[in-house]
Amino acid sequence: MEMLDILDILETGFDCERSRRKKGTIERCKRYKNKTWKVVAVDSVQRWNDTPVWLIIHVGVI
């Protein structure tokens with residue numbers, strides 16, 4: 001799994017939230033080679049210039 005694959009999952013994957021998470025947390029999934037890959041990201045801010053960013057907290061197979 002490379003960063004471009006993770007970006008593809010976040011952009012074109014389907015919503016696969018299984019449990020309640022904090023506001024600003026997203027879970028996206030996509031099927032690759034008979035496996036379902038899941039990416040969890042949270043809305044965050046860079047500390048030095050207050051630019052909004054998405055922080056990836058988990059990537060894995062369901």
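Overview of the structure. (Residues numbered from 1 in each chain as written. Predicted model: local features only at pLDDT ≥ 70, side-chain atom pairs only at ≥ 80, totals over all residues. Heavy atoms only, no water.)

### Side note on the overall build of the chain
If you tally the helices and strands in the chain, you get 1 helix and 4 strands. Its C-alpha atoms give the chain principal-axis dimensions of roughly 40 × 25 × 15 Å. Taking all 62 residues of the chain together, the buried fraction comes to 24%. Residue pairs at least 24 apart in sequence account for 22% of intrachain contacts in the chain once pairs closer than 6 positions are excluded. For the chain, the exposed surface amounts to about 5,000 Å²; the carbon and sulfur share of it is 52%. (Helix = DSSP H or I, 4+ residues; strand = E, 2+ residues; numbered from the N terminus. Buried < 20%, exposed > 50% of the residue type's maximum accessible area, 1.4 Å probe, protein only. Contact = heavy atoms within 4.5 Å. Areas by Shrake-Rupley, 256 points an atom, 1.4 Å probe, with all protein chains shown as cover.)

### Describing the sheet that holds strand β4 (residues 52–61)
Strand order in this open sheet of 4 strands is β1-β2-β3-β4, and the pairing throughout is antiparallel. With one partner strand each, in any of the chains shown, β1 (14–15) and β4 form the two edges of the open sheet. Strand direction decides the pairing type here: strand β3 (residues 35–45) and β4, joined by 9 bridges, are antiparallel. Looking at β4, one finds that V40 is bridged to H58. Most of the contacts of helix α1 (residues 3–12) go to strand β2 (residues 25–32), to which it runs at about 110°, and overall it touches β1, β2, β3 and β4. (Pairing = 2+ DSSP bridges. Axes fitted to C-alpha atoms, helices over the stretch in contact; angles between N-to-C directions.)

### Quick notes on a nonpolar patch on the surface
A contiguous nonpolar patch, built from M1, M3, I56 and V59 and spanning about 350 Å² of accessible area, is present on the exposed surface. Here V59 shows up in strand β4. For V59, a relative accessible area of 30% translates into the label partly exposed. (Patch = residues over 30% accessible without salt bridge, like charges linked within 9 Å, V, L, I, M, F, W, Y side chains within 5 Å. Salt bridge = Lys/Arg side-chain N within 4 Å of Asp/Glu carboxyl O.)

### Focus: the environment of A41
Inspection of the secondary structure puts A41 in strand β3. Given a relative accessible area of 0%, A41 falls into the buried group. Counting along the chain gives 31 residues from A41 to L10, while the straight-line C-alpha distance between them is 8.7 Å. If near-sequence neighbours (up to four positions away) are discounted, A41 is found in contact with L10, G24, T25, I26, W54, L55, I56 and I57.

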